[in-house]
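Each chain, written out:
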Amino acid sequence: MNFKSVLRSGAAIVSLVSLAACGIRPHPMTMEENITRAMEDKGTIEHHYVPLRTAQLSLEEAIARTLAYNYQMEVSKLEITQQEKQLDVALTNMLPQLAADAGYTTRNNYNAAESIDDYSHERSLISSYSEQRSHTTQDIQFSWDLTDIGVSYFQARQQGYRALIAVERRRKAINNLVRSTAEVYWRAYAAQTILPKIDPMIADARIMLENSKRASDMHLQNPLILLDYQQNVIQLLRQLYQMRNDLMSAQIQLRSLINVAPGTPIALTTSDAELTAAPLHDMAKLEDITLIMRPELREESYQQKISRQDIYAQIVRMSPGIGALGGENFDSNKLLTNNVWGQVGVRATFNLMNLIRGPRIIAVAKSAIAASKARRLALSISLIAETNLSAQMYQNSLDMLASAKQTDDIGHQMETVAQRATQAGAQSGADMIRHQMAGLVAQVDYARTLAQTHGALANLYNSVGLDIVPATADLNDINRLTAQVTQSIQAWKNGRLPDMTIQNNQLNTTTNHASAAPQPATQAPA
């Protein structure tokens, strides 16, 4: 290959690179591409719907299905896997550098040179060369620097903490999904019970409103009484419309959480006709468990450890670097006496500028640690308030449930008395319908309040940070997962919270034997 050929090849490569650079700017996706992408995603979603094994669905099965089939769980699992793979990559950075190199060199003339005598300044030798015009080289080089090993070690520790942060985020995702599923399940259960009664109530209310308007047009009664009556009926209709809207949305949300096709018929089953709970006397223990178990606080602790590794890594960088190197070389130049040779060496380096830069970087890392601690304390105060608020909301829900139960009982009595009074001719049929509707409204209110109370209990578990299943639990075995969920939330069925105590710096979760509530799962990975 001559020099002109090399120039022509180089010019061709430069031209190709220039043309490729013109295509670097990305173009927005076309409508056809968006339609194709949407259809592919829809097909994937529909393909991954998991049908119900039976038409009936319990709370435990709903939670297990949500944890097993919801895409949020898949995302959190992939995030953990990604961080673990990053940890594997960080560990490989501690290995020595081993590089292989090969090359080809050519020129259009010989690399000849003359020699000049140092004393006489006269040419001592004629022009000579010791290198062929074209030759190849191959070598393999080994190097290992102790500074790089130390820095890579602390960076690997940082990545290990990031992997643990991913586990805590998965815990948070599990707890949030459990809370959402419990809340939506009970709302859907209330809808299953109430919706068949709401539509007949709406039809009766419309009939009553039309009859009242007709009576007003015919001047059969006092207009003021009729208008007052119509206003009450209209307000009742608005209340029924709002109830129906809220209840119908719960069934849609539940199907989405448990990953079944929209419109799938579901029959919710539960034995929780009543919900009673022991009063929460010791809020201090709930607060302690919150500070121990909440994933957000553990994540901040790991962030603090990550910042501390920056200090250690910078100290290593400020130290003198000592490295070993070696290699095996080959040169096809036939003018060399030895075409193959090996070499080894030891090298020590010290960057004096690190003495100036290092303390500043360490100061930044210490500031990050202080900021992380401040965030953790601020978050702790917020989470303690959240726990107290959740406990208060649960207690208020219990009081509202008791009041709604009394109202429901009175509503049943009113229906019975109204029916007897109508049969005896003591009141009109319209008054009987009005009293029946008032009784049905009381039933609706009780069912909704019961669902809200169960939701408040689930929210309390979430605010404390108790795990219904460990973050590392196998979510692929739906039968085993359902058994774990059943064991963990058995106390919920009686509305009793576990007796949570902290002994010997370890979280000890037990249940009150008098309440016969089994022990919930509270262990979480560190």
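Since the model is a prediction, treat every value here as computed from it, not as a measurement.

Another point: the environment of T181. If you trace the backbone, T181 turns up in helix 5 (residues 146-217). The class of T181 is buried, set by a relative accessible area of 0%. Linking T181 and L257, residues 76 residues apart in sequence, is a C-alpha distance of 6.9 Å. Apart from residues lying up to four places away in sequence, T181 is in contact with A62, I63, T66 and L257.

Time to look at the side chain of E300. Inspection of the secondary structure puts E300 in helix 8 (residues 295-318). You can call E300 buried: its relative accessible area is 14%.

One open sheet holds the 4 strands; their spatial order is 2-5-7-8, and the pairing between them is antiparallel. Two strands close off the open sheet at either side, each with one partner strand: strand 2 (97-106) and strand 8 (340-349). Strand-to-strand twist of the sheet, defined as the mean angle between neighbouring strand axes without regard to direction, takes the value 20 degrees. Where strand 7 (residues 321-331) and strand 8 come together, 10 bridges link them in antiparallel fashion. Looking at the pairing, G326 lines up with V344 of strand 8.

Bridging between strand 3 (residues 113-116) and strand 4 (residues 123-128) involves 3 bridges; their strand directions are antiparallel. Among the inter-strand pairings, I116 is bridged to a residue of strand 4, identified as R123.

Moving on, we come to the side chain of N70. Position of N70 among the secondary structure elements: in the loop between helix 3 (59-69) and helix 4 (71-92). We classify N70 as buried; its relative accessible area is 9%. There is a polar contact of 3.2 Å between the side chain of N70 and the backbone oxygen of L257. Discounting chain neighbours no more than four positions away, the residues touching N70 are R65, L177, S256 and L257.

Criteria and cut-off values
Residues numbered from 1 in each chain as written. Predicted model: local features only at pLDDT ≥ 70, side-chain atom pairs only at ≥ 80, totals over all residues. Heavy atoms only, no water. Helix = DSSP H or I, 4+ residues; strand = E, 2+ residues; numbered from the N terminus. Buried < 20%, exposed > 50% of the residue type's maximum accessible area, 1.4 Å probe, protein only. Contact = heavy atoms within 4.5 Å. Pairing = 2+ DSSP bridges. Axes fitted to C-alpha atoms, helices over the stretch in contact; angles between N-to-C directions. Polar contact = N/O pair within 3.5 Å; in protein donor to acceptor, adjacent residues only side chain to side chain.

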